[in-house]
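Coordinates in review
Below are the chains, spelled out letter by letter.
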Amino acid sequence: MKKYFSILLWFIFCGLSFAVPKYLGLVKAGDSTGSSWTNAQGYLNANAFKRPDNSALVGGDTVYFNGGSDSVVYGKTQISSLAPSSQVVITNGKDAGHNGRVIFAQSGTPTGSKSSFELLVCQNIKLYGMTFKTAITGVYAESILKITGCTNCIIDHDTIYNNVYGHGYNDGGNGFGIYMNGTGGHPSKKITITNNYIECFTNNDPAMLTNGERDPIEINNNYGGHTIMNNSIISHNAYTSSAHPDLIQVLNEGSDSNFVFTVANNFETMLNDTSAQGQCFYSTYTGHNRFLIYNNIMVNSAISSTGITILYIYGGNGNPHHSSWIYNNTIIVKGGFLSMYDTDTLMIKNNILINASNDASKLCFGLDSLTFSETPVLQVDYNHYWRWMGTNSHFISARYGGGTYYSAFTDWKASNGGGYDQHSDTGTVSFANIWGTNATDYKLTSLSNDIDKGTTIAITNPDIVGISRPQGRGYDRGAFEYVPINYYTLSVSGDGNGTVSPNTQSVLSGTTITMTATPYTNYRFVNWTE
């Protein structure tokens, strides 16, 4: 029995695997094994993304880049065929003197993938807390951060500054922020982009082609199943009116696996855009997908003369999306804000949808090229629509087998036997600051008629900033749940033998009040009573 017990323990201890740190710097130091900062390995070393003993990285390992005391700028970096069975983290150093910003910035003439940083056919890699941009000027680049043929990778708490020119498809210089695609039988799938700040700066290139992109996030030729959550995604003015920078663009995406593609809790905005056209979410020519889009704030100030929509989900090539669930979004646009094509399940609930264009040709709401046979499940209700400026020629486009345009909200509600928007409203929406540049500008005020007017949808709880739903009698519409401010009147009285301060006060709920009791001469304070 003792012999058996000792053998069992031997197998247990041999099976243990301990996480190993790897330390990388701009140049090598010490013995260059990467076992410590003193022995940091140069990041361009062929063994940079292996353990210090040159064995393969395994799940739980962490690769630290030296950030110096303030920041360190690294050049073009590609990580290829790194595929541990569980997550490996690549991040900046955490020790004093090494915990500054790690910046990847391609310089010189773009080569290869024309990106500052690329994950190529990798899996289970997490990029955390780093900065990606470019040092290229006057030259076109494909993207800042590229993810090619990867699975289960995470981009988390990173900063992506897209300051490159976008010059269209023809020369591979689209100027994307994050570009996710497939390669050689390796489509990307189940990629998570979360808690990042992604900003696409003004493009001052007068030669920008008609199909110039510069999308903060571009996803193309993959299997889907991605998650884009809790990001700030910002795009500034494009140089020409022919450009169409989409904040999130999805092309040729999906598979028979029917993965869920989640877009949630993001603040997406196009700023100061008086000419360019584009969408906050654009999907076209894709295969089978299940889109789950909720708790987003989508603000598009672009003036589009062509009726650009802010949500555009299109299952071209005869491949309908299996479902599109669109819940609790706050959407403000100067074109049409919803345009749906070819989907077999469509749920649109608890959204605040504002058309801020004075162009009467802009739709408030488009459900184009749908038929009841194509869309057997269609639920549209508990929404709020507001035509902020001007009058519209028709409220909604709903082409059910030939095309019907409803010029009034009441006509739309009465269509299909009264099946749509029976609990929805129109009219003014009250925000803290409409057209503001921060997510909190789109919180509901106490005067909003969207408070408690939504229906219960568990996936949207909590709201975009983590507030539990509901705070009142029911769920609110839009990305934010309104938190009521409660005041109480404090009244204190004595027995006439002393004074109390304060004795009457309006008190905000949760406030701590210090009470002082001062007895008259020859009296003493005994106790408080309710």
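Residues numbered from 1 in each chain as written. Predicted model: local features only at pLDDT ≥ 70, side-chain atom pairs only at ≥ 80, totals over all residues. Heavy atoms only, no water.

**As for the overall build of the chain**
Using the following cut-off: Numbered from the N terminus, helices here are DSSP runs of H or I no shorter than four residues, and strands are runs of E no shorter than two. Any residue under 20% of the maximum accessible area for its type is buried, any over 50% is exposed, and the rest in between are partly exposed; the area is computed with a 1.4 Å probe on protein chains only. Between two residues, a contact is recorded if the distance between any of their heavy atoms is within 4.5 Å. For the accessible areas, the method is Shrake-Rupley and the probe is 1.4 Å, while residue cover comes only from the protein chains on display.
Of regular secondary structure, the chain possesses two helices and 41 strands. Every one of the 530 residues in the chain was classed for burial, and the buried ones make up 53%. Across the chain, the fraction of contacts at a sequence separation of at least 24, relative to all contacts at a separation of at least 6, is 71%. Of the roughly 22,600 Å² that the chain leaves accessible, carbon and sulfur atoms contribute 51%.

**Details of the packing of aromatic side chains**
Two aromatic rings, taken as a pair, are described by how far apart their centres are and by the angle between their planes. Spelled out, the test is: Stacked, edge-to-face and tilted labels apply to pairs of Phe, Tyr and Trp rings (six-membered ring for Trp) whose centres lie within 6.5 Å, assigned for plane angles under 30 degrees, over 60, and everything in between, in that order.
Summed over all chains, the structure comprises 20 aromatic pairs. Consider the rings of F65 and F104, whose centres lie 5.2 Å apart with planes at 80°: the pair is edge-to-face. Remark: F104 occurs in strand β7 (residues 101-106) and F65 occurs in strand β3 (residues 62-65); sequence separation between them is 39 residues. Of the two residues, F65 and F104, both sit in the buried class. Pairing F261 with F281 gives two aromatic rings, centres 6.3 Å apart and planes at 80°, and the pair type is edge-to-face.

**Topic: the pairing of strand β22 (residues 267-270)**
As a reminder of what qualifies: Here the rule is simple: two strands pair whenever DSSP picks up at least two bridges between them.
On β22, burial covers both faces: F267 and T269 on one face and E268 and M270 on the other are all buried. Across four bridges, the pairing between strand β19 (residues 232-235) and β22 is parallel. By the bridge assignment, S235 is partnered in β22 with M270. Sheet analysis places β22 next to strand β25 (residues 297-300), joined by four bridges and oriented parallel.

**Describing unusual backbone geometry**
The general pattern is negative phi for most residues beyond glycine and trans for most peptide bonds. Looking along the chain, the bond that leaves N461 and enters P462 is cis, with omega of 5°. Following the sequence through the fold, P462 ends up in the loop between β37 (425-426) and β38 (487-491). For N252, which is not a glycine, the phi torsion comes out positive at approximately 50°. Residue placement: N252 occurs in strand β20 (residues 248-253).

**Re the nonpolar core**
Just so we agree on the cut-off: Among buried residues, those of type Ala, Val, Leu, Ile, Met, Phe, Trp, Tyr and Cys that are joined through side-chain atoms within 4.5 Å constitute a nonpolar core.
Core analysis: the largest hydrophobic core is formed by 63 residues, its most contacted members being F49, F65 and L127. Broken down by element, the residue count for this core peaks at three residues, all from strand β11 (residues 143-148). By size, the runner-up hydrophobic cluster in this structure holds 18 residues, among which are A356, F431, A439 and Y482.

**Observations concerning the pattern of salt bridges**
Opposite charge on two side chains lets them pair, provided their charged atoms get close. Here is the rule we go by: For salt bridges, the criterion is a side-chain nitrogen of Lys or Arg within 4 Å of an Asp or Glu carboxyl oxygen.
Using the criterion set out here, one finds seven salt bridges in the structure. The salt bridge involving R51 is made with D61; its shortest N-O contact spans 2.8 Å. Within this pair, whereas R51 is found in the loop between β2 (41-42) and β3, its partner D61 is found in the loop between β2 and β3, the two being separated by 10 residues in sequence. D61 shares its class with R51; the two are buried. In this structure, the salt-bridge partner of K126 is D156, at a minimum N-O distance of 3.4 Å. Here K126 is found in strand β9 (residues 125-128), whereas its partner D156 is found in strand β12 (residues 154-156), with 30 residues between them in sequence. Judged on exposure class, the residue K126 and its partner D156 are both buried. The network of salt bridges with shared partners includes D425, D450, K453 and R477.

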